[in-house]
Amino acid sequence: MSRCKPERTVAALALSVGCTCASALSAAEIDVVVSIKPVHSLVAGVMEGVGEPALLVKGTGSEHSYSLRPSEARALEQAEVVFWVGETMETFLIKPLRALASDAKVVELWETPGLTLLATREGGMWQAQEHEGAHAEDQEREGAHAEEHEGEHAEDQEREGAQADADHAHGETDMHVWLDPGNAKVLIAAIATALSDADPENASIYQGNAARLRQQLDELDRSLEDRLATVADRPYVVFHDAYQYFEHRYGVQAVGAIAINPTLRPSAQRLEEIHDRLQDLDAACVFAEPQFEPALVDIVIEGTNARKGVLDPLGVALDAGRDQYFQLMSDLAASLLDCLGRAQSG
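Procedures and definitions
Residues numbered from 1 in each chain as written. Predicted model: local features only at pLDDT ≥ 70, side-chain atom pairs only at ≥ 80, totals over all residues. Heavy atoms only, no water. Helix = DSSP H or I, 4+ residues; strand = E, 2+ residues; numbered from the N terminus. Buried < 20%, exposed > 50% of the residue type's maximum accessible area, 1.4 Å probe, protein only. Contact = heavy atoms within 4.5 Å. Areas by Shrake-Rupley, 256 points an atom, 1.4 Å probe, with all protein chains shown as cover. Pairing = 2+ DSSP bridges. Right-handed = clockwise from strand over helix to strand, strands pointing away. Core = buried A, V, L, I, M, F, W, Y, C linked by side-chain atoms within 4.5 Å. Axes fitted to C-alpha atoms, helices over the stretch in contact; angles between N-to-C directions. Disulfide = S-S within 2.5 Å. Parallel < 35°, antiparallel > 145°, perpendicular 65-115°, else oblique. Nonpolar A, V, L, I, M, F, W, Y, C, P; charged D, E, K, R; others polar. Phe/Tyr/Trp six-rings, centres within 6.5 Å; stacked < 30°, edge-to-face > 60°. Polar contact = N/O pair within 3.5 Å; in protein donor to acceptor, adjacent residues only side chain to side chain.

Asker: What is the right way to read the overall build of the protein chain from this model?
Answerer: The number of helices and strands found in the protein chain is 13 helices and eight strands. Looking at the protein chain as a whole, 50% of its 346 residues qualify as buried. Long-range contacts, defined as pairs at least 24 residues apart, comprise 67% of the intrachain contacts of the protein chain with a sequence gap of at least 6. Accessible surface computed for the protein chain: about 15500 Å², of which carbon and sulfur atoms make up 49%.

Asker: Hey, could you run me through the pairing of strand β4 (residues 105-108) in this one?
Answerer: On a regular strand, each side chain points to the face opposite its neighbour's, so the side chains alternate between the two faces of the sheet. Pairing between strand β3 (residues 81-84) and β4: four bridges, direction parallel. When the bridges of β4 are listed, V82 appears paired with V106. Crossover connection from β3 via helix α5 (residues 94-100) to parallel β4: handedness right-handed.

Asker: Can you help me understand the nonpolar core in this one?
Answerer: A general tendency of soluble globular proteins is for nonpolar side chains to be buried together. Among the nonpolar cores identified, the biggest contains 78 residues, and V32, F83, W178, L179, Y236 and F246 are the most heavily contacted of them. Here this core takes nine residues from helix α13 (residues 324-345), the largest share from any one element. M125, L281, F292 and V300 belong to the second largest nonpolar core, which has 19 residues in total.

Asker: What should I look at first to understand the sheet that holds strand β2 (residues 54-55) in this one?
Answerer: Strand pairing in a sheet relies on backbone hydrogen bonds, with the paired strands running either antiparallel or parallel. Across the sheet, four strands lie side by side as β2-β1-β3-β4; this open sheet has parallel pairing. Edge positions in the sheet fall to β2 and β4, since each of these pairs with one other strand and no more. Sheet strands touched by helix α8 (residues 181-198): β1 (32-34), β3 and β4. Its angle to β3, the strand with the most contacts, is close to 165°.

Asker: What exactly am I supposed to notice about the environment of P266 here?
Answerer: Tracing the backbone through its elements, the reader meets P266 in the loop between β6 (253-259) and α11 (268-281). The buried category is assigned to P266, whose relative accessible area is 6%. Sequence separation between P266 and L296 is 30 residues, and the spatial gap between their C-alpha atoms is 8.7 Å.

Asker: How should helix α3 (residues 37-47) be read in this particular structure?
Answerer: Every α-helix carries 3.6 residues per turn, so stepping three or four residues along brings you back to the same face. Of all the eleven residues making up α3, eleven are buried; the element is thus mostly covered by neighbouring parts of the structure. Every buried residue of α3 is listed here: K37, P38, V39, H40, S41, L42, V43, A44, G45, V46 and M47. Two residues or fewer past α3, G49 is found with a positive phi of approximately 95°.

Asker: Just to check I follow, could you spell out the sheet that holds strand β7 (residues 285-288) for this structure?
Answerer: Pairing in this open sheet of four strands is parallel, and the strands run β6-β5-β7-β8 from one edge to the other. Among the strands making up the open sheet, the edge pair consists of β6 and β8 (307-310). Within the sheet, the average angular offset between the axes of one strand and its neighbour, ignoring direction, is 30°. Packing of α11 onto the sheet brings it into contact with β5 (235-240), β6 and β7, and relative to β6 it is tilted by some 160°.

Asker: Could you clarify how one ought to interpret the state of the cysteines in this entry?
Answerer: Two cysteines joined by a covalent bond between their sulfur atoms form a disulfide. Here the structure, examined in full by the defined rule, presents one disulfide. One disulfide bridge connects C285 with C339, the sulfur atoms lying 2.1 Å from each other. Across the S-S bond linking C285 and C339, the dihedral sits near -110°, which makes this disulfide left-handed. Here C285 is found in strand β7, whereas its partner C339 is found in helix α13, with 54 residues between them in sequence. With a relative accessible area of 1%, C339 lands in the buried category.

Asker: What am I meant to see in the packing of α8 against helix α9 (residues 203-228) here?
Answerer: Packed helices, taken two at a time, are described by the angle their axes make and the gap between the axes. Two elements in contact, α8 and α9, have axes whose closest approach is 9 Å; the angle formed by their N-to-C orientations is 175°. Relative to α9, the element α8 is oriented roughly antiparallel. Of the residues in α9, those touching α8 at P181, A184, K185, I188, A189, A192, T193, L195 and S196 are A203, Y206, Q207, A210, L213, R214, L217, D218 and D221. By residue class, the composition of the contact of α8 with α9 is eleven nonpolar, three polar and four charged.

Asker: How do you make sense of unusual backbone geometry when you look at a structure like this?
Answerer: Outside of glycine, negative phi angles account for most residues, and trans bonds account for most peptide bonds. The phi dihedral of D282 falls on the positive side, at around 55°, and the residue is not glycine. Among the secondary structure elements, D282 is positioned in the loop between α11 and β7. Among the residues examined, D282 registers a relative accessible area of 47% and is labelled partly exposed.

Asker: Explain the packing of aromatic side chains to me, please; I cannot follow it from the model alone.
Answerer: The geometry of an aromatic ring pair is captured by the separation of the ring centres together with the interplanar angle, meaning the angle of the planes. Across all of its chains, the model carries four aromatic pairs by this definition. Seen from their ring centres, Y66 and F92 are 5.5 Å apart, and the 70° between their planes marks the pair as edge-to-face. Of this pair, Y66 sits in the loop between β2 and α4 (70-78) while F92 is found in the loop between β3 and α5, placing the two residues 26 residues apart along the sequence. Pair check on accessibility: Y66 and F92 agree, each one buried. Measuring from centroid to centroid gives 5.5 Å for Y236 and F287, while their planes differ by 85°, and the two rings are edge-to-face. Residue Y236 is located in strand β5, and its partner F287 is located in strand β7; the two are separated by 51 residues in the primary sequence. Each member of the pair, Y236 together with F287, is buried.

Asker: Looking at this model, I keep getting lost on the environment of R121. Mind explaining?
Answerer: Locating R121 in the fold gives a position in the loop between β4 and α6 (135-148). Among the residues examined, R121 registers a relative accessible area of 7% and is labelled buried. Each C-alpha atom of the pair R121 and D241 lies 7.7 Å from the other, and the pair is 120 residues apart in sequence. Engagement of the side chain of R121 in a polar contact is seen with the side chain of D241, the distance being 2.6 Å.

Structure representation (structure tokens):
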């Protein structure tokens, strides 16, 4: 595939009499498209000095139901490489990839060898299953817990479960894999390899950037571990179960989620159940998400001692770019420290 564009060759010759078409090729920008901000940040870091990947899901758009703009559809048509987590995360992309990006190399990142993958948890309150031994034993207890409570609130669970399967199903694997810096290092290696294969002229740049990013991720990981150690024993509730990889990495104690499907309002019975359990669990905080209805958190914590905070697993309010992932992870830690720390001191 030749990317030797005449205007770029002319510009290069103007800078250096000895420039050849091969050198213009090495400076040419490969067309890369990325689905969501955290992954875009990692790809942008690997591509630094070569080009800028295009981002699809911008602002507060949902990775499940995003509608492509015409310019984004054109970007997919022109793409040489597309990075996404996978079809049970960015569900909106399944058909566009087939229709528009059939000539592109499509990299489904959750399939990357070497990733730590965690099973999807049941919705609701799972405190009895967490933080008690090995992960396999946890999963076993979660299954038993689900069976014991089968039939409770049957109508609500059937409705929510069916809707979750249709609209938000992450299948058997939790797809929020980027929320573990160890996984991010694995993803960066895979990203650099895919880009090097598609654009061998710039392979040394991609590999060098990847090595530097992995070092920076090690520094981030150590910093987050030190910061979060002070609140690791404080239980809290999240809006939806998006943070399992972060919890396992740093030992923080989420004990339940308000919503099974973040795009659908939970039933009144579920809200009442979680409200009642907050007192029993002595949960310090309940965390909303910026994309979804914050009033639900106010309902859940009313009359309890729990405080309200905000967590954002995608970093929707952050500017896209190389630093977005690092800021996202730091912000998650800061939000936990702020709310849980205030609850501890209060």
